[in-house]
Amino acid sequence: MPEIRIDLYSDTLSLPTPEMRRFACFAPVGDEQKGEDPSVNQLQEMVAEMLGKEDAVFLPSGTMCNQISLAVHCRPGDVILLDRTAHPLIAESGGTAILAAATAYPIDGPDGMFTPEQVSALMFPPSRYRPTMRVVSIEQTTNAPGGRIWPLEQLREVCGVAHEWGLATHMDGARLFNASVASGIDVSDYAATLDSVWIDLSKGLGAPVGAVLAGSREFIEEAWQWKQRIGGAMRQAGIIAAAGIHALRHHITRLAQDHENARRLARQIAEIPGLGIDLASVETNIVRFETSGLGVSPPEFARRLEEEEGVRVSTPGPFLRAVTYLDISESDVDEAAAAMRRLARRIGAGEK
Ligand SMILES: *Cc1c(COP(=O)(O)O)cnc(C)c1O
């Protein structure tokens, strides 16, 4: 395999910076299961405070945050309402069927963002024949649909309908800080109408591991029991929690640079004959584009881009996805676009 020069596969590829490594190295640690790890405790307090929630729990991954939250909200047989592109549906190995023992109802929301009317249409009075609608889960930003930001008003309205019908509300906030930095709306405003909400430390924030789930004291107490149950409780986890503290202190406002780089990439892609992109859809750090004008499939374009140019993107659907993050510079973006232009020209000229 040729060397990958520029990797736009995902913001999960972000590496801990030297400063982050140094800070984590000397972090005070203890037994987190016993509540005695000062760094874990500090991280949990920071996130609870930022999100305006009573309490928070540090977990090894965002996937575990989703799985535990849905398991806490649901009883076996209940229904989880979420967009058809939502992470628990497409990328968590069917865990909700096992851990929450729940049924997931996919909603077809435009760009991953469904409407209050779509939720209302699924509500009905209690009935012995029907499963109980238990929780509405939303993704901020939407991942597969391209980093789109749920407008605050729409989010509030969807949560309003859910609460009216007695459903809980959950936010997969893997990229909540991206939404906040791009829109200027505080994360606590987005989180206010959610019963549970989590943020990922290992995406654009650049920490190597971990996510933090927040909610009411009671909710987090139950989440802790699940954490223990499924082996998510750790020991001297402060060594990784500290990287998260560093990320929250130093890597939030810089997300604006990732967004600027994403727009920069998108503008250049728009100029390449044969590639298709909707510039207005690029709101955060994810760029979606397509190749129908070239007559090649997205996976074929991605394969050649990697093999012939050393630029990697992903193909999570009938499109290509490029993601910017803290190790991707302005010049990386320019080089990636130049590589796409060269490949598109070769394909246009019929070169195999
Ligand atoms: C990455 C991601 C997750 C899972 O987070 P991990 O920390 O990788 O387990 C969940 N939801 C969304 C929207 C994501 O992008």
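Just so it is clear, the structure is predicted and the values come from calculations on it, not from any experiment. (Residues numbered from 1 in each chain as written. Predicted model: local features only at pLDDT ≥ 70, side-chain atom pairs only at ≥ 80, totals over all residues. Heavy atoms only, no water.)

K.L.:
Tell me about the nonpolar core, and name the residues and values.
P.N.:
Counting residues in hydrophobic clusters, the biggest one holds 56 residues, and the most contacted among them are Phe-58 and Leu-248. Among the elements that line this core, the one with the most residues is helix α11 (residues 238–250), at seven residues. Counting residues in hydrophobic clusters, the runner-up holds 30 residues, among them Ile-269, Tyr-325, Val-333 and Ala-344. (Core = buried A, V, L, I, M, F, W, Y, C linked by side-chain atoms within 4.5 Å. Buried < 20%, exposed > 50% of the residue type's maximum accessible area, 1.4 Å probe, protein only. Helix = DSSP H or I, 4+ residues; strand = E, 2+ residues; numbered from the N terminus.)

K.L.:
Please give an account of α11 that cites residues and values.
P.N.:
Under the 1.5 Å per step criterion, the end-to-end length of α11 is 18 Å for 13 residues, consistent within 8% with the ideal 18 Å. With respect to burial, α11 is a largely interior element, 10 of its 13 residues being buried. All of the buried residues along α11 are Gly-238, Ile-240, Ala-241, Ala-242, Ala-243, Gly-244, Ile-245, His-246, Ala-247 and Leu-248. The secondary structure elements touched by the buried residues of α11 are α1 (18–25), α2 (38–51), β2 (55–59), α8 (176–183) and β7 (196–200). (Expected span 1.5 Å × (residues − 1). Contact = heavy atoms within 4.5 Å.)

K.L.:
Please provide a residue-by-residue account of the site of the ligand, values included.
P.N.:
Lining the immediate surroundings of the ligand are 13 residues, of which Gly-62, Thr-63, Asp-172, Asp-200 and Lys-203 lie closest. Take Gly-62: an N or O atom from its main chain is 2.8 Å from an oxygen atom of the ligand. The contact in question runs from an oxygen atom of the ligand to an N or O atom on the side chain of Thr-63, over 2.7 Å. Compared with its free state, where it exposes 380 Å², the ligand has 87% of that area covered by protein. Counting residues per element, the ones that place at least two in the shell around the ligand are α3 (62–73) and β7. Broken down by element, the shell around the ligand gets its largest block of residues, three residues, from α3. Residue composition of the shell around the ligand, by class: two nonpolar, six polar and five charged. (Near = heavy atom within 4 Å. Polar contact = N/O pair within 3.5 Å; in protein donor to acceptor, adjacent residues only side chain to side chain. Areas by Shrake-Rupley, 256 points an atom, 1.4 Å probe, with all protein chains shown as cover. Nonpolar A, V, L, I, M, F, W, Y, C, P; charged D, E, K, R; others polar.)

K.L.:
An account of the sheet that holds strand β9 (residues 286–289) is needed here, citing residue identities and associated values.
P.N.:
Taken in spatial order, the three strands line up as β9-β12-β11 in an open sheet, and their pairing is antiparallel. Here the strands that pair on one side only, and so sit at the sheet edges, are β9 and β11 (314–317). For this sheet, the mean inter-axis angle between neighbouring strands, taken without regard to orientation, is 35°. Where β11 meets strand β12 (residues 319–323), two bridges bridge the pair, whose relative direction is antiparallel. Paired with Gly-317 across the bridge in β12 is Phe-319. Against the sheet, helix α12 (residues 255–270) contacts β9 and β12, and its axis sits at roughly 15° relative to β9. (Pairing = 2+ DSSP bridges. Axes fitted to C-alpha atoms, helices over the stretch in contact; angles between N-to-C directions.)

K.L.:
Describe the packing of aromatic side chains, and please don't skip the residues or the numbers.
P.N.:
With the rule as written, the count across this model stands at one aromatic pair. Here the aromatic rings of Phe-114 and Trp-150 are separated by 5.1 Å at their centres, their planes lie at 85°, and the arrangement is edge-to-face. Residue Phe-114 is found in the loop between β4 (103–107) and α6 (116–120), and its partner Trp-150 is found in the loop between β5 (133–139) and α7 (152–164); the two are separated by 36 residues along the sequence. Judged by relative accessible area, which is 0%, Phe-114 ranks as buried. Lys-227 extends its terminal NZ or CZ atom over the ring of Trp-224, reaching a point 4.5 Å from the ring centre. Taking the ring centre of Trp-226 as reference, the NZ or CZ of Arg-229 above it sits at 4.4 Å. (Phe/Tyr/Trp six-rings, centres within 6.5 Å; stacked < 30°, edge-to-face > 60°. Lys NZ or Arg CZ within 6 Å of the ring centre and 35° of its normal.)

K.L.:
Give me unusual backbone geometry: which residues, what numbers.
P.N.:
The step from Gln-140 to Thr-141 runs through a cis peptide bond, and the omega angle for that step is -10°. When you line up the elements, Thr-141 lands in the loop between β5 and α7. Located in the positive-phi region is Ala-101, a residue other than glycine, with phi close to 55°. With respect to the helices, strands and loops of the structure, Ala-101 is situated in the loop between α5 (95–98) and β4. Notably, Asp-111 is not glycine yet its phi reads approximately 55°, a positive angle. For Asp-111, the position within the fold is in the loop between β4 and α6.

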